[in-house]
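Listed here are the chains, written in short residue letters.
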Amino acid sequence: MRPKDPQDTVQACSDIPLKTYYTAEDIPSSHAQRTNIAPGEAPYHRGFHPSGYRSKPWRIFQLSGFGKPEDENERIKFLLKNGETGFIMEHDRNTADHCYNVDHPEVLARREDVGLTGAVMQSVRDTAICLDGLPMDTSFGHAGGAVVQHAPFALAAYWAVAKKRGYDLSKLAGTGQSDFNLTYLGCVTKQQIPTDAGLRFNGDIIEFCTEHLPRWVPVSIAGYNGADTGLTPDQELGSLFANAVEYLDEIQLRGRIPLEVAARGCGGVSFRASIKIFEEACKMRAARLMWSDLLKQRYNIKDERVANLRIHCVTAGSKMAYQQPMNNLVRGALMAVSAVLGGVQSLGVSGYDEALSIPSEHAHQMSVRIQQILMEETGLTDVTDPLGGSYYVETLTAQLVEKSWAFFEEIQTRGGYLACLDSGWLHAKAEENQHKEFMQTESGEANIVGVTMAHDDSSPFEIDGFIGTDDAFDVALERLKEVKRTRHEKGAKNALKDLERVCRSSDNIMPIMMDCLEAEATLGEVGDVYREVFGDWRTPIQC
Amino acid sequence: MSDGTSASSPDDFTVRRALAKSISAIESGGPEALTIEQTALQQPASAHVLGITGPPGAGKSSLISALLPHALDHYGAVAVLAVDPSSSVTGGALLGDRVRMDYRHFEQKVFFRSMASRGQQGGIAAATRASVNVLDAAGWPLVIIETLGIGQVELDVMALADRVAVVLNPGWGDSFQANKAGLTEQGDAFVLNKADRPGLENAKILLEQSLQCLPAATPPRVFTTIATDGEGIPELWQGLAELMQDAAKNPHSRRRSEAAREAAKTQLIQDFEAFLASPAAGSPENAQLGDAAELLQRFYRQRD
Amino acid sequence: MPKRILMAKTGLDGHWRGPTIVARALRDAGFEVIMIGMATTAEIVAAAIDEDVDLVGLNVGGHIDVALRAVDAVQSAAPDMPIFAGGTIPPHACKQLQAKGLEVFPPGSMLTDIVDSANRLTGLSAAQ
Ligand code: B12
Ligand SMILES: Nc1nc2c(ncn2[C@@H]2O[C@H](COP(=O)(O)OP(=O)(O)O)[C@@H](O)[C@H]2O)c(=O)[nH]1
Ligand SMILES: [Mg+2]
C-alpha cells in the first residue's frame, strides 16, 4: 500500500504511526542503551545466541497430515526426505478437536469431512500407524494435540507408542502445543471443556513433563492462532504473555514444581510471521525482550536458559490468496524472511495452495525448498541480528514492547487472558481489526496483488485444491469397531472409570491418561468422561 | 400423520412452511397479515404463553434451550419466538438466539422463529402478538417468547404472555437500580442466572428485599440457575409449570386476557376496513389472498 | 421489508471470520441474518423452513460433499429458496456448487459483490 501523498500518515499494523525515516534520536533512551548488548545476552532481543544460525540453523517444521494414519505417515516421510528437520502430526478436527469417535452423531452427519484436515487417531493403535518408522528418538516431534481438550490424549498416545518402542521418555524431545488461542479464540469448536478445566489440563501436563519428560515442551502458546484470527502484532504479544502468566500463576499456586522449570516449559512459543517484514521482525525481537523482562520482574527468574524465549514461526496463512496461487510462493518466502530476520528457531511456510485446501505434496515440498534457499543461498544466516542498530528497527521494537505491555495490562484489568476468552472480549478485538482490514481492501486503500489489482494471470498452471483420500471415515469406523472388539474390555473400562475419578479430583490427569491409552480406551470415550465431568464451554461468539 | 408440529416428511415441510410463511406475512403487514390474524383469532385460545425477559446476555436463550426438554416432556411440542434488535440505521439485524440452542432437542416438535424488532419499542416485534395467535391456532400448546431486552428490561411481553419470567444475573442490582421498581412488579418469577458468577448471594438478597415490598400476598419466587450447566433447571421448570397451570386454572389472572384478544380482533377489523378503503386495496397484487394465507387455511382444515 | 438470510456452517469447523464478516456486511446492507453456526443438513433445512428465509447462506469449511448434501436437502424441501455459498472452496468444488445453481464466493471475494448477490437472489435488485 502506497500513500497518495508521501506525507500522509502510514501506520504499522500495530497502529503505530511510521515516520518517513528514522534517526538515532527516535530510539527511546531506555531502549538505546540496550542496542549494544550482544545477541545471546539478556534481554535477548538481539537473538537467542551470539553465533545465531551459524551454530544452529532453524528447524524446518511443517504442519502436515490428512486421511488415514498411514496417509499422514507417508506425507511426513515425504517431508523428512525433502529436508524437514522435525515433524508435526495433524489430527482430524471432527474427531480430535471435539474428542468424538467417528460414530458420534455430529461426525456421522459429516462423514466425508473426516480426515480432510488431519488423520483420524482414535486409539493408540492409530497413533502407532501414523508414527511407523518416524524418528521419534532423534527428531523433534509434534504430537498434535494442539487443541487443549485433546492434548492429554494425543500426548499420552505419542508417549505410549514411544514407550512401547523402548524409547526413554526422559530423552524424548517434542511438543503437543495445547493452545487456547486455537479453539477458544480462533476456531471455536462445537463443544469443548470450559477454560478452567483446560487450565488444569495444561498445569497437569507441565507438571507431568517436569517429572517424566524434561526435554518436552509441555505447552506451546500459539500467538499465531490469535494473530491469524485478527489480533494485531502488539495484541498477539500482549495476549501471549497474558496467557503465559495464567500458566505460571497456576503452577505457582500449586507449588509442586519449581517455577523456573515450568517457565522453561512455557518458553517455547509460536508466532505468526506476516507480510509487513520489518514490523514482524521487530515482533520477534520484542517477544524475547518481553519474556526476559516478565520473568525477571514478575517471578524473579533470571536463569538464562529459562529467560531465553524459543520461537517457532508460521507464515500467515491469511495472507495467502486464492487467486493466482503461484504468487503465494513469493509471499511465503518474504514472510519467512521476516521470521529469519527476527531470529526465530523454527519455521513453517504456508503452502502456495493455502487458500484452496491443505497443502498438496508439491506445495509442501516448495515450503521446504523456500526455507532451504533462504538457509543455503541468501546469506541471511551469516550474521546474527542483521537488523540490530537500525534506527527504524530499534525504535519500532521499543514501541512494540510498550504497546504490547499496555495490551497485556488491559487484559489483566479485565480479569486475565482466560476471562477475556470467556467474555468474548478478545474475539471482539479480533473481529474489529479484521473488519477494518477488510474495509481497507474493499475501499481500495490497500491492495492485494491478483485479488484487488493485477487480475490478468497468464500462468499456464491451473491449480486446484488437494483432494486427500476418500476412505478415512470407513477405515476409521472399522478400526474403532476392531479396537473395541479386540481390546481387553475390562481393562479399558476400568481405566476410563479411573479417569473419571481423577477428573473429579485434583490429581494429575496424565498418569491415568497414559493408563487409558495403554488400555486402548478410545478418544470418544475419553471425551465422554470430560463432557460428563466438566460440561461445555459457553461460547461467547454467535457463530 | 400431519399435525403440523413436526417436520419429518416433505408433506410436513409443506405444512410447516405454511405456518412459517404466515408469520412472514404477518411481519410484512398489509391485508394478508390482517386476514391471517383474523383467521387465527377465530380459534379459541388454548396455548399457554410464557414470556422470558431480561437484559441482553442474561442467558435467556440459553435458559430456553435448557428448559426445552422439560417443556417438551410436559407439552409435547413447543414454539419459540425470539426477538432481537434491528439496526435503527440500516434496518438490518443479526439474529443470534438459535446459536444458543441445543439442537438435540429439535428432533422433537420444536418450532423456532427469530424475529427482528423492526423498529418496535418494548422488547418485542410488531408481529409477535399476531404470531402468537397464529401458533396458538395452529395447535402449538406452548409458546415461549424471548424479548430482546435492549438496555433495560422490556415490558410489552407482559401483555402477550400468561406468565413472565425475568432473567437477571449476579450484579443485577448495580445496573438495574433505576428500573428496579418497575421490573419487580412485572415478573411472575425471577431467575438469577449465571449463578456461577460472583455476587450471587448479594443479588439474591437485594432481589428478595425488593420483591417483599410488593403488595402481593406471596411475592414471586426467585430461582437460581446456571443455564449452561443445567443447574437449577429442573426446579425452574417445575416452578414455571406450576405458574402456567395456575394461569390456566385462573384465566382472569392471565396477562394475556380474553379481553386483550377481543381488543385485538376489534383492532384488526378496523385495520382491515381502513385498508379496504385505501387506494392500495384496488391494486392488482392485493386482489386476492397470498400464498401464505391460502396455505394456512389448508392447514386449519387439516387440523380439524 | 427486510429480507431474511440464514447463515450456516456445514462443517464441524470453527473458522468464524468468514461467516462473521459476511453476516456483518449483510446486516449493514439491511438484511436480517439468522446465525445458526455449525449445523447438520437436517438442522439447516429445519431452520430454513421455520425461519422462512429468502436466501440460505452456506459457509463451507470442509468437504464439499457435506455441503452438496445440504444443498440437495434445502432444494428438495424448498425448491424456490435460493442458496449462495462461500468459504474454503477449491475450484473443482465451486463448479459442483454452481452446477446446482448456487452463486459461489471463494476466499478473496469482495463483500460488495456478496451483498449484490444477496440483493439479486432475494429479488431486491434485478437479475443480471
Ligand atoms: C485464519 C485461518 C485460521 C485461524 C482462525 C480464523 C477464524 N477465526 O476464522 C486459525 C489460525 C485459528 C486457524 C485454525 C485452523 N485452520 Co485455518 N485458516 C485460516 C486461513 C489462513 C484464513 C481464513 C480466513 O479467516 N480468511 C478471511 C475470511 C474473511 O475469508 P473466508 O473465510 O474465505 O471468507 C470469504 C469468502 O470465502 C466468502 N465467504 C465465507 N463464508 C461465506 C458464506 C457465505 C454465505 C457467502 C456468500 C460468502 C462467504 O466471503 C468472505 C469474504 O471474502 C485459511 C486459509 C486461507 N487463506 O483462506 C486457513 C484454513 C481455512 N484453515 C485450515 C485448517 C486445516 C485449520 C486447522 C484445522 C489447522 C489446525 N489443525 O491447527 C485449524 C482449525 C481447527 C478447528 N477445530 O476448526 C484449512 C482448511 C482446509 C480445508 N477446509 O480444506 C485452511 C484452508 C488452510 C489450509 N490450507 O490448510 N485457521
Ligand atoms: N457463566 C455463565 N454463562 C452463561 C450462563 N447462561 C448463559 N451464559 C452465557 O452468557 C452468554 C449470553 O447468553 P444468551 O443465552 O445468548 O443470553 P440472552 O442474550 O439473554 O439470550 C452466552 O455466552 C452464554 O453461554 C450461565 O448460567 N453461566
Ligand atoms: Mg438471546
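Since we're looking at a predicted model, the values are computed, not measured. (Residues numbered from 1 in each chain as written. Chains lettered and ligands numbered in written order. Predicted model: local features only at pLDDT ≥ 70, side-chain atom pairs only at ≥ 80, totals over all residues. Heavy atoms only, no water.)

Enquirer: Which residues make up unusual backbone geometry, and what values go with them?
Expert: Trans is the prevailing form of peptide bonds, just as negative phi is the prevailing case for residues other than glycine. Residues and elements named next belong to chain A. The linkage connecting Ala 42 with the following residue, Pro 43, adopts the cis geometry, with an omega of 5°. Structurally, the position occupied by Pro 43 is in the loop between α1 (29-32) and α2 (52-55). The backbone phi angle of Cys 99 is positive, close to 50°, even though this residue is not glycine. Assignment of secondary structure puts Cys 99 in the loop between α4 (93-97) and α5 (105-108). A positive phi angle, close to 50°, is found at Ala 454, a residue other than glycine. Its location among the elements puts Ala 454 in the loop between α19 (425-442) and α20 (472-486). For Ala 454, a relative accessible area of 41% translates into the label partly exposed. (Helix = DSSP H or I, 4+ residues; strand = E, 2+ residues; numbered from the N terminus. Buried < 20%, exposed > 50% of the residue type's maximum accessible area, 1.4 Å probe, protein only.)

Enquirer: Outline the site of ligand 2, supporting the account with residue identities and numerical values.
Expert: Surrounding ligand 2, one finds 20 residues, the nearest of these being Gly 57, Lys 60, Ser 62, Arg 100 and Asp 196 of chain B. Between ligand 2 and Arg 538 of chain A there is a distance of 3.2 Å, counted from a nitrogen atom to a side-chain nitrogen or oxygen. Interatomic distance of 3.0 Å between a side-chain N/O atom of Glu 146 of chain B and an oxygen atom of ligand 2. For ligand 2, the protein covers 90% of the area, taking 580 Å² as the surface of the free molecule. (Near = heavy atom within 4 Å. Polar contact = N/O pair within 3.5 Å; in protein donor to acceptor, adjacent residues only side chain to side chain. Areas by Shrake-Rupley, 256 points an atom, 1.4 Å probe, with all protein chains shown as cover.)

Enquirer: Lay out the site of ligand 1 in plain terms, naming residues and giving numbers.
Expert: Surrounding ligand 1, one finds 44 residues, the nearest of these being Glu 90, Glu 354 and Ser 357 of chain A together with His 15 and Ser 109 of chain C. Neighbouring residues of ligand 1 are not confined to a single chain but are spread across chains A and C. Contact distances for ligand 1 include 2.8 Å between an oxygen atom and a backbone N or O atom of Gly 87 of chain C. Put simply, the parts of the chain that give the shell around ligand 1 at least two residues each are α4, α8 (180-186) and α10 (223-227) of chain A together with α1 (17-28), β3 (55-60) and β4 (83-87) of chain C. Classifying every residue of the shell around ligand 1 by side-chain character gives 19 nonpolar, 18 polar and 7 charged. (Nonpolar A, V, L, I, M, F, W, Y, C, P; charged D, E, K, R; others polar.)

Enquirer: Lay out the interface of chain A and chain B with the relevant residues and their values.
Expert: Quite often, the size of an interface is put as the accessible area lost when its parts meet. Listed by partner, the interface residues are 7 residues for chain A and 8 residues for chain B. Carbon and sulfur atoms make up 33% of the surface buried where chain A meets chain B, a total of about 590 Å² over both sides. At the surface where chain A touches chain B, the tally comes to 2 salt bridges. At the junction of chain A and chain B, the tally comes to 4 residue pairs in polar contact (both at pLDDT 80 or more). Of the residues belonging to the side of chain A that touches chain B, the class tally is 3 nonpolar, 3 polar and 1 charged. (Contact = heavy atoms within 4.5 Å. Buried area = accessible area lost by both parts, 1.4 Å probe. Salt bridge = Lys/Arg side-chain N within 4 Å of Asp/Glu carboxyl O.)

Enquirer: Could you give me a rundown of helix α16 (residues 361-376) of chain A, with the residues and numbers involved?
Expert: Residue and element names in this part refer to chain A. For α16, spanning 16 residues, the distance from its first C-alpha to its last is 22 Å, which sits close to the expected 22 Å at 1.5 Å a residue. Of the positions making up α16, those classed as buried are Ala 363, His 364, Ser 367, Val 368, Ile 370, Gln 371, Leu 374 and Met 375. The buried residues of α16 occupy an angular sector of 145° when the element is viewed end-on, so they sit on one face. Contact partners of the buried residues in α16: β3 (59-60), α3 (69-81), α15 (327-341) and β10 (346-348). (Expected span 1.5 Å × (residues − 1). Arc of directions from axis to C-beta.)

Enquirer: Can you lay out the interface of chain C and chain A for me, pointing to particular residues and giving the numbers?
Expert: Counting residues at the interface gives 39 residues for chain C and 44 residues for chain A. Its largest share of buried area at the contact with chain A, chain C owes to Leu 12, Trp 16 and Arg 17 of chain C, together 26% of the area lost on that side. Applying the counting criterion to the chain C and chain A interface returns 4 salt bridges. The interface formed by chain C and chain A contains 20 residue pairs in polar contact (both at pLDDT 80 or more). At the level of secondary structure, the elements contributing two or more residues to the side of chain C that touches chain A comprise α1, β2 (32-38), α3 (64-77), α4 (91-99) and α5 (111-121) of chain C. Among the elements that line the side of chain C that touches chain A, the one with the most residues is α1 of chain C, at 5 residues. Of the residues belonging to the side of chain C that touches chain A, the class tally is 16 nonpolar, 15 polar and 8 charged.

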